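Here is how the chains run, residue by residue.
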Amino acid sequence: MAFTAKDVQKLREQTGAGMMDCKKALSSSDGDFDKAVEFLREKGLAAAQKKAGRVAAEGMVYAGVCPECGVGALVEVNSETDFVAKNEIFQNFVKDLAVVVMKENPADVEALNACQYPGEGKTVAEALTEKVATIGENIQLRRFVRYCEKTQNVAYMHMGGKIGVLVALEVSDNLKGNEAVIELGHDVCMQIAAMNPQYLDRDNVPAEVVEHEKEILMAQTMNEGKPAAVAQKIVAGRINKFFEENCLVDQAFVKENKTSVSKYVEAKAKELGGKIKIAKFARFEKGEGLAKKEDDFAAEVAAMTAKK
C-alpha cells in the first residue's frame with residue numbers, strides 16, 4: 001500500500017515521532033496507518049507526544065565559544081526534572097545544539113529545529129523527538145543567542161548550567177585573542193551572573209521604564225514629607241541609584257567594588273595599550289519565568305477549592 005507526504009505528516013502530528021521514523025514506520029507497515037502507529041509505539045518513538053504537554057522548567061543552560069572561529073552561543077533547553085539535566089545524553093544534546101547555533105546561525109527556534117543535527121542525518125526537531133523517547137521526559141528547546149566572530153566573545157557557566165552568560169567585547173586589533181582580555185571578559189561574565197544587570201548602560205533603558213521608576217521615587221519622596229521642589233532634586237539623585245543597580249557598566253565591580261565596571265574596563269584597556277568596550281551581553285537562568293510543577297499543583301488545588 002502506497003503512502004503520501006500527507007500521511008507522513010499526519011503520522012508525525014499524531015505520534016510526535018520524527019519524519020524519517022514515520023517514513024520507516026509506514027514503509028514497514030506497507031502504508032497501513034494503524035500498523036505504523038503500533039510500529040512507532042513498539043519502538044518507543046510515539047511517546048513524545050504524550051510527554052509534550054508536561055511542564056519542562058528544569059534543564060540546562062550552556063554557553064560556549066568556538067575555538068576555531070570565535071563565534072559564541074548561549075542556549076537553554078528545558079526538561080521536567082533536574083535529574084534528567086544531569087544525564088550525559090541530555091547534556092551532550094544541549095552542547096550539540098550550541099554548535100549548531102554557532103555554525104548555522106538560525107534566525108529563531110523554529111529555524112534551529114529545521115537545522116541538521118550533527119552526525120545523525122536528522123533535523124534538530126527529529127533528534128529532539130528521539131531524545132524525548134529515549135530519556136522519557138518532555139524536553140523543550142527554549143531560546144538561544146549567537147554573537148558573531150567580529151567581537152571578542154567570552155562564555156561563562158555557573159553551577160553546572162543553572163546560569164549561563166555570554167559577553168561580546170569590542171576590542172582593537174592588537175588585543176583580539178589577548179589572554180588578558182579574555183580574562184577580563186570572564187570577570188565581566190561573573191559580574192553578570194552574580195549581579196544580574198537588566199541593561200548594558202543607561203541608553204539601553206527604555207524611556208517608559210525610567211519614567212515609571214521616577215514616578216515611584218517621587219511618590220516615595222513625597223510620602224516622606226518633602227516639598228515638591230525638593231522632591232524633584234532628590235528623585236534626580238535616586239534615579240542614579242537605579243542605574244547603578246540595573247546597568248552593567250554602572251554597577252560596582254564585584255572584584256574591586258570601589259570602581260565601576262566601565263572604569264575597570266577602561267583601566268584595563270589603558271594598561272594593555274588598546275581599546276576595549278562591552279558591546280552586549282546575554283544572561284540565561286535555567287527555567288526563569290517558567291511555571292514549575294509545584295506551581296501547577298498549587299493552581300489545581302486552588303481551582304478545586306474554589307469550586308467547593
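## Digging into the overall build of the protein chain
Thought 1: From N to C terminus, the protein chain includes 13 helices and 10 strands.
Thought 2: Buried positions account for 42% of the 308 residues belonging to the protein chain.
Thought 3: Sequence separation of at least 24 residues holds for 64% of the intrachain contacts in the protein chain that already meet a minimum separation of 6.
Thought 4: For the protein chain, the computed accessible surface area is about 16700 Å², with 51% contributed by carbon and sulfur atoms.

## Here's the deal with the nonpolar core
Thought 1: Formed by 28 residues in total, the largest nonpolar core has its most connected members in Phe90 and Val124.
Thought 2: Looking at this core, the elements with two or more residues in it are β1 (60-65), β2 (72-78), α5 (82-85), α6 (88-104), α8 (124-135) and β5 (140-147).
Thought 3: Here this core takes eight residues from α6, the largest share from any one element.
Thought 4: If sequence neighbours within four positions are ignored, Val124 has contacts with Leu97, Val100, Leu112, Asn113, Cys115, Tyr117 and Leu141.
Thought 5: Membership of the second largest hydrophobic core comes to 25 residues, among which are Val165, Val167, Val181 and Val265.

## Section: the sheet that holds β1
Thought 1: Within the open sheet, the three strands sit side by side as β1-β2-β5. Their pairing is antiparallel. On the outer flanks of this sheet lie β1 and β5, each paired with one strand and no other. Averaged over all adjacent pairs, the angle separating strand axes in this sheet is 10°, with direction ignored.
Thought 2: On top of the sheet, α6 reaches β1, β2 and β5; it is set at about 140° to β2, its chief contact.

## Regarding the confidence of the model for the protein chain
Thought 1: Considering every residue of the protein chain, the mean pLDDT works out to 89; 88% of them sit at 70 or more.
Thought 2: In this model residues 294-305 is a low-confidence stretch, pLDDT under 50, and it forms two contacts with partners more than four residues away in sequence or in other chains.

## A few points about helix α10 (residues 207-223)
Thought 1: With 17 residues, α10 should cover 24 Å at 1.5 Å per step; its first-to-last C-alpha distance of 24 Å lies within 8% of that length.
Thought 2: All buried positions along α10 are accounted for by Val210, Leu217, Met218 and Thr221. An end-on view of α10 places all buried positions within 105° of arc, on one side of the element. In α10, the exposed positions that point more than 90 degrees away from the buried face belong to Glu208, Glu215 and Asn223.
Thought 3: The elements touched by buried residues of α10 are α11 (228-246).
Thought 4: Backbone geometry just downstream of α10 places Gly225 in the positive-phi region, at approximately 90°.

## Structural notes on the pattern of salt bridges
Thought 1: Summed over the entire model, instances satisfying the criterion amount to 13 salt bridges.
Thought 2: The salt bridge partner of Lys86 is Asp82, with a shortest N-O separation of 3.4 Å.
Thought 3: Given a relative accessible area of 60%, Lys86 falls into the exposed group.

## Considerations on the packing of helix α9 (residues 179-195) against helix α12 (residues 261-272)
Thought 1: Relative to each other, α9 and α12 sit at 175°, their axes nearing to 11 Å. One way to sum up the angle between α9 and α12 is to call them roughly antiparallel. Contacts from Ala180, Val181, Leu184, Asp187 and Gln191 in α9 reach Val261, Tyr264, Val265, Lys268 and Leu272 in α12.
Thought 2: Partitioning the contact of α9 with α12 into residue classes produces seven nonpolar, one polar and two charged.

About the criteria used
- Counting of residues starts from 1 at the beginning of each chain's written sequence and follows it residue by residue.
- Local features in this predicted model are restricted to residues of pLDDT 70 or higher, and side-chain atom pairs are both shown and tallied only at a pLDDT of 80 or more, whereas totals for entire chains, interfaces and linings draw on every residue.
- The side-chain numbers reported here are obtained from all heavy atoms of the structure, hydrogens and water having been left aside.
- Here a strand is any run of E in DSSP of at least two residues, a helix any run of H or I of at least four, and the numbering for each starts at the N terminus.
- Partly exposed describes any residue whose relative accessible area lies between the buried limit of under 20% and the exposed limit of over 50%, with all areas from a 1.4 Å probe on protein chains only and scaled to the type maximum.
- Note on contacts: a residue pair qualifies if any of its non-hydrogen atoms lie within 4.5 Å across the two residues.
- Per-residue and other accessible areas were derived by the Shrake-Rupley procedure at a 1.4 Å probe size, with only the shown protein chains allowed to occlude residues.
- Among buried residues, the Ala, Val, Leu, Ile, Met, Phe, Trp, Tyr and Cys ones that are joined through side-chain atoms within 4.5 Å form a nonpolar core.
- Note: two strands are recorded as paired if DSSP finds a minimum of 2 bridges between them.
- Structural elements are reduced to axes, namely lines fitted to C-alpha atoms, with helices fitted over the stretch in contact, and the angle between N-to-C directions of any two is expressed from 0 to 180 degrees.
- Confidence of the predictor at the level of single residues is given by pLDDT, which spans 0 to 100.
- Expected span, for any helix, means 1.5 Å times one less than how many residues it has.
- Along the arc lie the directions from the helix axis toward the C-beta atoms.
- Whenever a carboxyl oxygen of Asp or Glu lies within 4 Å of a side-chain nitrogen of Lys or Arg, that contact is scored as a salt bridge.
- Roughly parallel means an angle under 35 degrees; roughly antiparallel, over 145; roughly perpendicular, 65 to 115; everything else is oblique.
- Three categories are distinguished: nonpolar for Ala, Val, Leu, Ile, Met, Phe, Trp, Tyr, Cys and Pro, charged for Asp, Glu, Lys and Arg, and polar for the others, with Gly belonging to the last.

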